[in-house]
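# Examination of the molecular architecture
Here is what each chain is made of, one letter per residue.
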Amino acid sequence: KSTILTGIKPTGQVHLGNYIGAIKPALELAKMQTHQHAYFVADYHSLTKIHHAEELRHLSYGIAATWLALGLDPEKVIFYRQSDVPEVFELNWILACFASKGLMNRAHAYKAIVDQNRQLDKDIDSGVNMGIFTYPILMAADILMFQTDIVPVGKDQVQHVEIARDIADSFNRTYGDTFKLPEYKIQEETAVLPGLDGRKMSKSYNNTIPLFVEPKKLQKLINKIKTDSTPPEEPKDPNQSVLFSIYKEFATPLEIEKMREQYVSGISWGEAKKQLFQVMNRFLEEPREKYNELMASPEKLDEILKRGVEKARAVSKPFLKEIKCKLGMNV
Ligand code: TYM
């Protein structure tokens, strides 16, 4: 069976970009029974930033509850917490020995910090721990451990999937065919969903719309989405509007067509925002309630994740053994 895998790291509240860029497509793909699915909470990846136990625990539960509230069926997929699968970290070291330092130097997230440090006239590696630097290797371990074929992600993760391919290829050339070469899958139109200020929606820019905020707050945040100064009655291009691209993710085909016409004939941004809120809130009402319920019973989440990790390790243990055997280790 071929595998579809993706993870979310608990560094903040899950936001609309995570949902539209990765969770929604992953849940759509999860309907394909011809594939194996592995969806997880990337808590070790958060450790590059979050150094507070209670916060990390809470945020990790938040990711798990989000997946479940949005309809992930833990019986049908492998659903787990990354830090519960020790084989991933053994593989992390193995892969590190096949990843050139130059490859890491070129990774976008690391480079962005270096560039910023340069601009501020700081030491180029200021604020960079080795977790940040080797982040793509751990991500390669996540992906390669499960012989992943497809990784549904937003655009910011594409390079990481390519790095995983490079590392897998380098290993395979030395030890023969071992790892499948993964491919990324992005949603063309919403691969980079802009945030409130027009930059990429991101926890680190503080410009997000968290998915499960209360309705009033949701309306407030939608009202903050940046729009241009086209007067209310003038025609607007729906294909250039973030409001419209978010609307499309939550509305029915008929509603989408109607809204498209409204844009062309002239709709005020205020009205477009109001209607966006309505379709979003209609969809989110139920998952929000389920999310709040799950967050109130972490023991239930632990139970589900515990069952998930058994399924994950049923794959990772024998595969790691096979890999170590190839390397010449006694197993
Ligand atoms: P993370 O937690 O930053 O984001 C989770 C997913 O959401 C996507 N995303 C977006 N998509 C569209 N527009 C946006 N503004 C936007 N912001 C975030 C991300 O691309 C991602 O798909 N390194 C990963 C977690 C990870 C992982 C993995 C993913 C760890 N191991 C293995 C796939 C496979 C991350 O930090 O995602």
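What you see is a predicted model; the values in this text were computed from it and never measured.

### A few points about the environment of Asn92
When you line up the elements, Asn92 lands in helix H4 (residues 86-96). You can call Asn92 partly exposed: it has 19 C-beta atoms within 10 Å. Sequence-wise, Asn92 and Arg313 are 221 residues apart; in three dimensions their C-alpha atoms are separated by 15 Å. If sequence neighbours within four positions are ignored, Asn92 has contacts with Ile137, Leu138 and Ala141.

### Some thoughts on the site of the ligand
Surveying the vicinity of the ligand reveals 27 residues, the closest of which are Gly17, Gly21, Ala22, Val153 and Gly154. Sorting the residues of the shell around the ligand by element identifies strand S1 (2-8), helix H1 (16-29) and helix H8 (135-145) as the ones contributing at least two each. When grouped by side-chain class, the residues that make up the shell around the ligand number 12 nonpolar, 11 polar and 4 charged.

### Points about the environment of His58
With respect to the helices, strands and loops of the structure, His58 is situated in helix H3 (residues 53-69). Taking the C-alpha atoms as reference points, His58 and Gly12, 46 residues apart in sequence, are found 9.6 Å from one another.

### As for the domain arrangement of the protein
Structurally, the protein comprises domain 1 (2-99 + 134-193 + 298-327) and domain 2 (212-291). Relative to domain 2, the C-alpha centre of domain 1 lies at a distance of 31 Å. At the junction of the two partners, domain 1 supplies 9 residues and domain 2 supplies 6 residues. Of all the secondary-structure elements, those providing two or more residues to the side of domain 1 that touches domain 2 are H1 and H3. The class makeup of the residues in the side of domain 1 that touches domain 2 is 5 nonpolar, 2 polar and 2 charged.

### A short note on the UniProt feature "binding site: L-tryptophan" (unreviewed entry) in the protein
Here, UniProt's "binding site: L-tryptophan" (unreviewed entry) annotation points to Asp142. Structurally, Asp142 is set in helix H8. Among the residues examined, Asp142 registers 26 C-beta atoms within 10 Å and is labelled buried. When residues no more than four places from it in sequence are discounted, the contact partners of Asp142 are Gly7, Ala42, Gln82 and Val88.

### Re the pairing of strand S4 (residues 148-152)
Burial analysis of S4 places 4 of its 5 residues in the buried class, the great majority of the element. Bridging between S1 and S4 involves 2 bridges; their strand directions are parallel. Its bridge partner being in S4, Ile4 is matched across the sheet by Ile150. Regarding the hand of the β-α-β motif, the stretch spanning S4, helix H9 (residues 158-175) and strand S5 (residues 183-185) is right-handed.

Thresholds applied
- Positions within a chain are numbered from 1, following the residues in the order the chain's sequence is written.
- Only residues with pLDDT of at least 70 get local features here, since the model is predicted, and only at 80 or more are side-chain atom pairs given and counted; chain-wide, interface and lining totals rely on the full set of residues.
- Only DSSP runs of H or I reaching four residues or more are called helices, and only runs of E reaching two or more are called strands; each is numbered from the N terminus.
- Any residue with 12 or fewer other C-beta atoms within 10 Å of its own C-beta is exposed, any with 20 or more is buried, and the rest are partly exposed; the C-beta atoms used are placed from the backbone.
- The contact criterion used is a C-beta to C-beta distance within 7 Å, with each C-beta placed from the backbone.
- For each residue, a C-beta atom is placed from the backbone, and the residue counts as near a molecule or strand when that atom lies within 6 Å of it.
- For this classification, Asp, Glu, Lys and Arg are treated as charged, while Ala, Val, Leu, Ile, Met, Phe, Trp, Tyr, Cys and Pro are nonpolar and the rest, including Gly, are polar.
- An automatic or database domain assignment supplies the residue ranges for each domain.
- UniProt positions are given in the numbering used here, feature names are shortened, and annotations may be inferred rather than shown by experiment.
- Each pair of strands is called paired provided DSSP finds at least two bridges between the two strands.
- Here the term right-handed applies to a crossover when the path leading from its first strand over the helix to its second strand runs clockwise, the strands being oriented away from the viewer.

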